[in-house]
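# Reading the structure
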There are 2 protein chains.
Amino acid sequence: MEVRRTTVRDMRRSNRSVILTSIYREGPLSRQELTVRTSLSAASVSNLVAELIAEGVVEEAGSVESEGGRPRVLLRVAPTFRYVVGAEVGETRVRVELFDLAMNVLARADHPTSAPTPAEVVKHVLEGLSSVITASGVQPQQVLGLGVAVAGVVEDNAVVDAQTLGWEAVPLAEMLAEGTDIPVHVDNGANMLGQAEMYFGAGRGATDAVVALVGSGVGSALVAGGSSYRGTRSSAGEWGHMTIVYGGRQCRCGALGCLEAYVGAEGVLDRYREAGGLVEGDEETAFVALLSSTSEPAATIIADTIGYLAAGFANLVNLVNPERIVLGGWAGLALGEKHLDELRAEVGKHALRRPYAQVSIVLCELGRDAVALGAATLPVVRLLRDGGALPNRR
Amino acid sequence: MEVRRTTVRDMRRSNRSVILTSIYREGPLSRQELTVRTSLSAASVSNLVAELIAEGVVEEAGSVESEGGRPRVLLRVAPTFRYVVGAEVGETRVRVELFDLAMNVLARADHPTSAPTPAEVVKHVLEGLSSVITASGVQPQQVLGLGVAVAGVVEDNAVVDAQTLGWEAVPLAEMLAEGTDIPVHVDNGANMLGQAEMYFGAGRGATDAVVALVGSGVGSALVAGGSSYRGTRSSAGEWGHMTIVYGGRQCRCGALGCLEAYVGAEGVLDRYREAGGLVEGDEETAFVALLSSTSEPAATIIADTIGYLAAGFANLVNLVNPERIVLGGWAGLALGEKHLDELRAEVGKHALRRPYAQVSIVLCELGRDAVALGAATLPVVRLLRDGGALPNRR
DNA sequence: GAGTCTTAGTTCACGACCTGGAAGAAGGGA
DNA sequence: TCCCTTCTTCCAGGTCGTGAACTAAGACTC
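Residues numbered from 1 in each chain as written. Chains lettered and ligands numbered in written order. Predicted model: local features only at pLDDT ≥ 70, side-chain atom pairs only at ≥ 80, totals over all residues.

## Some details on the relation of the copies chain B and chain A
Rotating chain B by 179° and moving it 0.1 Å along the rotation axis overlays it on chain A with an RMSD of 0.2 Å. Within this description, the copies of the chain are treated as partners about a two-fold rotation axis. Of the interface residues in chain B, 100% have counterparts in chain A that sit at the interface too, so the contact is made through matching surfaces. (Least-squares fit on C-alpha atoms with pLDDT ≥ 70 in both. Contact = placed C-beta atoms within 7 Å.)

Put into structure tokens, the structure is as follows:
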């Protein structure tokens with residue numbers, strides 16, 4: 001039961017945040033539109049905006065016809081006020097990207113790895129960080145923060161458990177902080193992809209949504225009431241290990257009948273192989289080949305996969321009543337591009353009528369490379385939350 | 001994207017709310033403890049408390065030894081400041097109860113019904129309301145609000161869909177408001193039972209929890225970040241219709257393999273019957289008899305039920321990572337009282353290690369009659385949120 | 001092209017509010 | 001009687017949003 005007082009300062013910070021967030025998320029706005037949207041008085045908007053402009057967070061961006069009188073001056077968050085860096089730590093590479101506040105990529109650094117140790121990752125991320133800073137010509141003091149996305153469970157900026165990397169209890173933010181004084185944020189990869197979709201992709205505008213990711217494995221990011229829901233200890237969203245066939249196929253998590261064992265690319269290909277299908281090449285090639293095959297076992301496997309996935313979606317629809325489900329992940333996208341309508345129809349068979357009627361099921365818009373973008377969003381979100389106040393450096 | 005300004009008045013209301021909520025939820029507290037908990041200055045606490053006492057919301061309640069000096073004066077929400085009424089609208093009865101703010105029942109009125117129409121329910125609730133007001137000797141102006149719990153989907157104080165009652169699109173709050181000027185709140189029955197457990201029962205202190213209700217049917221109430229989670233259009237929590245056995249038993253919702261078809265009392269008894277078990281008497285009698293039977297089919301059915309229920313719990317554990325799951329409903333309690341440890345162990349087989357380790361699975365403490373209590377909590381929560389400001393009457 | 005209308009944005013006095021500090025009152029024990 | 005802790009009271013200091021009056025900047029009118 002956290003209950004906190006409010007002081008006069010909180011009030012101003014909160015109102016700065018309201019204004020800044022509106023400008024950032026709802027595109028260029030005039031002061032006049034801000035007074036309407038925020039229900040602040042014109043005086044306060046003027047006052048707060050003047051402060052934000054003086055600090056350089058916000059800038060004027062041309063003007064637009066008013067309704068007959070003085071033209072409105074549009075305001076936007078100055079894209080070059082500060083820069084943010086996002087890093088994606090995967091099994092096969094470490095990617096670091098530098099963005100301006102409008103989230104344009106200004107520089108990128110990739111580093112291939114395999115099963116990297118924490119120390120290696122720290123090294124690669126820090127190298128990537130200085131490399132993108134140098135390449136973009138941005139001053140290090142201009143970098144607002146570094147967001148790092150790791151495939152694993154992350155609690156309080158530390159990696160608690162990352163099975164694919166074989167990590168456990170790695171204080172990644174702390175380790176990175178020894179090599180840079182740029183504020184570091186660490187979070188889970190699926191959540192970061194979800195965050196990217198929610199801010200800049202197919203989830204824009206939704207407040208209760210699920211970003212469902214189907215690749216080799218299956219995961220999701222939950223968004224409740226406009227912000228990411230993480231549960232009591234940040235491991236919410238493990239949708240892939242939901243039991244969907246009681247007593248069914250063995251999943252790599254040890255349990256039986258998990259959704260992942262049926263709709264994860266690995267599970268799908270296993271089922272295809274068992275049905276006599278021919279699986280050739282790497283997982284992705286084989287999966288795509290399966291999807292375009294017209295053979296008998298393939299058709300059945302695809303139909304079954306859609307059915308299982310639909311049941312998984314229906315469980316989300318019934319339990320969390322989202323307004324939108326965004327399907328992503330490479331396998332999810334490949335499947336969705338061909339079979340989205342069937343999938344939607346199939347969900348209707350498993351879900352309750354009312355919540356089904358309230359949900360729209362769509363595909364990710366940003367592709368699988370948006371993980372670093374999502375991670376880079378972390379410092380931006382913090383900036384917006386704090387009303388443009390800069391974090392303290394050590 | 002709701003973004004709202006803060007004004008200097010909001011600040012005071014918010015601080016009043018912080019103080020009042022602390023006093024209400026954390027028992028009698030002294031001013032001194034309040035300054036520590038809320039981090040408000042002693043001057044402000046004194047000021048705000050004086051105001052609350054002057055208005056009668058808060059009262060002094062004896063004193064307690066200090067650390068060597070003047071004793072601390074304890075403060076509590078005055079139980080008789082106002083009264084609240086809760087109503088439970090079920091298939092077989094309408095129950096209305098009047099409570100003081102400490103949630104002691106002062107009067108109760110039951111009215112048996114069967115498949116009541118909305119108009120009948122309105123009549124019974126309003127009769128119950130005046131009957132409990134008369135019986136308790138409370139002035140009608142002293143009644144803070146009326147909370148009504150209905151078994152069905154409720155959106156914005158209107159019943160959208162209540163299958164067991166056969167209702168659709170019933171503006172219940174509006175209809176009730178024509179017969180009383182006491183502010184009316186309408187909500188879903190499962191959520192209200194959940195709310196009661198969260199405030200006064202086994203959920204106390206938890207901020208991320210699920211109250212799982214197993215009766216003839218199966219439902220749940222989700223609590224995220226300290227408050228009830230309702231999804232985009234208030235129908236979240238339909239845990240019972242989660243697919244758990246893909247292509248399995250037909251559920252009354254029309255889909256196949258829903259959890260409810262396996263662990264709802266009706267589903268359990270059906271399975272028992274199919275296995276050759278003898279089902280006699282009404283559902284509840286038969287269910288209890290099954291639980292205490294030592295015959296072969298009974299043992300298997302019970303073990304299977306525990307397994308299915310565990311998978312359902314595991315799905316919750318994985319997806320929402322709650323800190324607590326509270327099992328209730330008459331069938332859930334009957335089962336839980338005998339088999340809670342087995343259930344817990346079984347959940348561990350289906351859930352991921354980490355979120356499983358973070359959850360505690362407990363039984364409801366309030367029994368099945370707490371629905372009206374939960375409903376009566378609605379106006380109390382509103383009072384606390386508004387810092388003790390009374391709602392406007394028409 | 002001067003005047004007027006309309007809408008956008010700014011300035012300023014005002015009242016509401018929290019804080020910290022100081023002084024003191026209240027209530028008990030040593 | 002003295003000491004200690006808990007409240008209360010008071011005040012200056014500072015912050016903040018608001019409403020009303022005011023200025024700015026175009027377009028329209030005659």
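## Things to note about the domain arrangement of chain A
Annotation of chain A at the domain level lists domain 1 (8-77), domain 2 (83-194 + 371-385) and domain 3 (205-365). For domain 1 of chain A and domain 2 of chain A, the distance between their C-alpha centres works out to 31 Å. (Domains from an automatic or database assignment.)

## Details of the UniProt feature "domain: HTH marR-type" (unreviewed entry) in chain A
Per the UniProt record, "domain: HTH marR-type" (unreviewed entry) is annotated on residues 19-61 of chain A. Between the first and last C-alpha atoms of residues 19-61 of chain A the distance is 16 Å; the span itself is 67% helix and 14% strand. (UniProt positions renumbered as here; feature names shortened; annotations may be inferred. Helix = DSSP H or I, 4+ residues; strand = E, 2+ residues; numbered from the N terminus.)

## Concerning the protein's contact with DNA strand C
Residues in close proximity to DNA strand C total 30 residues, the closest being Gln32(A), Ala43(A), Ser46(A), Gly69(A) and Arg70(B). Residue assignment for the surface near DNA strand C shows that the elements contributing at least two residues are helix 2 (31-38), helix 3 (42-55) and strand 3 (72-77) of chain A together with helix 1 (8-25) and helix 3 (42-55) of chain B. Its residues assigned to classes, the surface near DNA strand C shows 10 nonpolar, 12 polar and 8 charged. (Near = placed C-beta within 6 Å. Nonpolar A, V, L, I, M, F, W, Y, C, P; charged D, E, K, R; others polar.)

## Comments concerning the protein's contact with DNA strand D
In the vicinity of DNA strand D, 30 residues are found, and the nearest of them are Arg12(A), Ala43(A), Gln32(B), Gly69(B) and Arg70(B). For the surface near DNA strand D, the secondary structure elements donating two or more residues are helix 1 (8-25) and helix 3 of chain A together with helix 2 (31-38), helix 3 and strand 3 (72-77) of chain B. Of the residues in the surface near DNA strand D, the class split is 11 nonpolar, 11 polar and 8 charged.

## Brief notes about the nonpolar core
Among the nonpolar cores identified, the biggest contains 254 residues, and Ala87(A), Val148(A), Ala87(B) and Val148(B) are the most heavily contacted of them. Ignoring anything within four residues of it in the chain, the contact list for Val148(A) reads Ala87(A), Val89(A), Val125(A), Leu172(A), Val184(A), His185(A), Val186(A) and Ala375(A). (Core = buried A, V, L, I, M, F, W, Y, C linked by C-beta atoms within 7 Å. Buried ≥ 20, exposed ≤ 12 C-beta atoms within 10 Å, placed from the backbone.)

## A look at the sheet that holds strand 16 (residues 360-363) of chain B
Pairing between the strands of a sheet is mediated by backbone hydrogen bonds and can be parallel or antiparallel. Residue and element names in this part refer to chain B. Strand order in this open sheet of 5 strands is 14-13-12-15-16, and the pairing throughout is mixed. What marks the edges here is a single partner per strand, and that holds for strand 14 (227-229) and strand 16. Along the sheet, successive strands turn relative to each other by an average axial angle of 25°, direction set aside. Inspection of the sheet shows strand 15 (residues 324-328) paired to strand 16 by 4 bridges, in the parallel sense. Across the sheet, Ile-325 pairs through a bridge with Ile-361, a residue of strand 16. Along the sheet, helix 6 (residues 189-200) makes contact with strand 12 (209-214), strand 13 (218-224), strand 14 and strand 15, crossing strand 13 at roughly 50°. (Pairing = 2+ DSSP bridges. Axes fitted to C-alpha atoms, helices over the stretch in contact; angles between N-to-C directions.)

## Notes on the pairing of strand 13 of chain B
Residues and elements named next belong to chain B. For strand 13, a buried count of 7 out of 7 residues is recorded, marking the element as mostly surrounded by other parts of the structure. Here strand 13 shows no split at all, with Val-218, Ser-220, Leu-222 and Ala-224 on one side and Gly-219, Ala-221 and Val-223 on the other all buried. Pairing geometry for strand 12 and strand 13, over 6 bridges, is antiparallel. Bridging across to strand 13, Leu-213 finds its partner in Gly-219. Hairpin remark: strand 12 followed by strand 13, antiparallel, with 3 residues in the connecting loop. Where strand 13 lies against strand 14, 3 bridges are found, and the strand directions are antiparallel. Among the inter-strand pairings, Ala-224 is bridged to a residue of strand 14, identified as Ser-227.

## Notes on the sheet that holds strand 10 (residues 167-170) of chain A
Residue and element names in this part refer to chain A. The strand order 8-9-10 describes an open sheet built from 3 strands, whose pairing is antiparallel. The sheet is open, and its two edges are formed by strand 8 (153-155) and strand 10, each paired on a single side. Going across the sheet, the axis of each strand differs from the next one's by a mean of 20°, ignoring polarity.

## Structural notes on unusual backbone geometry
Trans is the common state for peptide bonds, and a negative phi is the common state for residues other than glycine. Positive phi values are uncommon outside glycine, yet Ser39(A) reaches one of about 60°. In this structure, Ser39(A) sits in the loop between helix 2 and helix 3. Exposure remark for Ser39(A): the 12 C-beta atoms within 10 Å place this residue in the exposed category. One non-glycine residue, Ala169(B), lies in the positive phi region at around 50°. Examined against the element boundaries, Ala169(B) turns out to sit in strand 10 (residues 167-170).

## Section: helix 8 (residues 265-274) of chain B
All names here are of chain B. Buried within helix 8 we find Ala-265, Gly-267, Val-268, Leu-269, Arg-271 and Tyr-272. Taken together, the buried residues of helix 8 touch helix 7 (259-263), helix 9 (283-292), helix 10 (296-320) and helix 11 (330-350). Looking one or two residues beyond helix 8, the residue adopting positive phi is Gly-276, at roughly 95°.

## Some points on the interface of chain B and chain A
In this assembly, 53 residues from chain B lie in contact with 54 residues from chain A. Elements represented by at least two residues in the side of chain B that touches chain A include exactly helix 1, helix 10, helix 11 and helix 12 (353-358) of chain B. If one sorts the elements of the side of chain B that touches chain A by residue count, helix 1 of chain B sits on top with 8 residues. For the side of chain B that touches chain A, the residue count by class is 25 nonpolar, 18 polar and 10 charged.

## Describing the pairing of strand 6 (residues 105-112) of chain B
Side-chain direction in a regular strand flips from residue to residue, so the side chains alternate between the two faces of the sheet. Residue and element names in this part refer to chain B. Across 7 bridges, strand 5 (residues 93-100) lies against strand 6 in antiparallel orientation. Considered in strand 6, the bridge of Arg-93 is made with Pro-112. Counted along the chain from strand 5 to the antiparallel partner strand 6, the turn is 4 residues long, and its residue Met-103 has a positive phi close to 65°.

## With respect to the environment of Thr180(B)
With respect to the helices and strands, Thr180(B) occurs in the loop between helix 5 (172-177) and strand 11 (184-188). The contacts of Thr180(B), once residues within four sequence positions are left out, are Leu126(B) and Leu129(B).

## A look at the environment of Arg31(B)
Residue and element names in this part refer to chain B. Mapped onto the elements of the fold, Arg-31 is located in helix 2. Taking the C-alpha atoms as reference points, Arg-31 and Leu-333, separated by 302 residues in sequence, lie 40 Å from one another. Not counting chain neighbours up to four residues away, the residues in contact with Arg-31 comprise Val-45, Ser-46, Val-49 and Leu-75.

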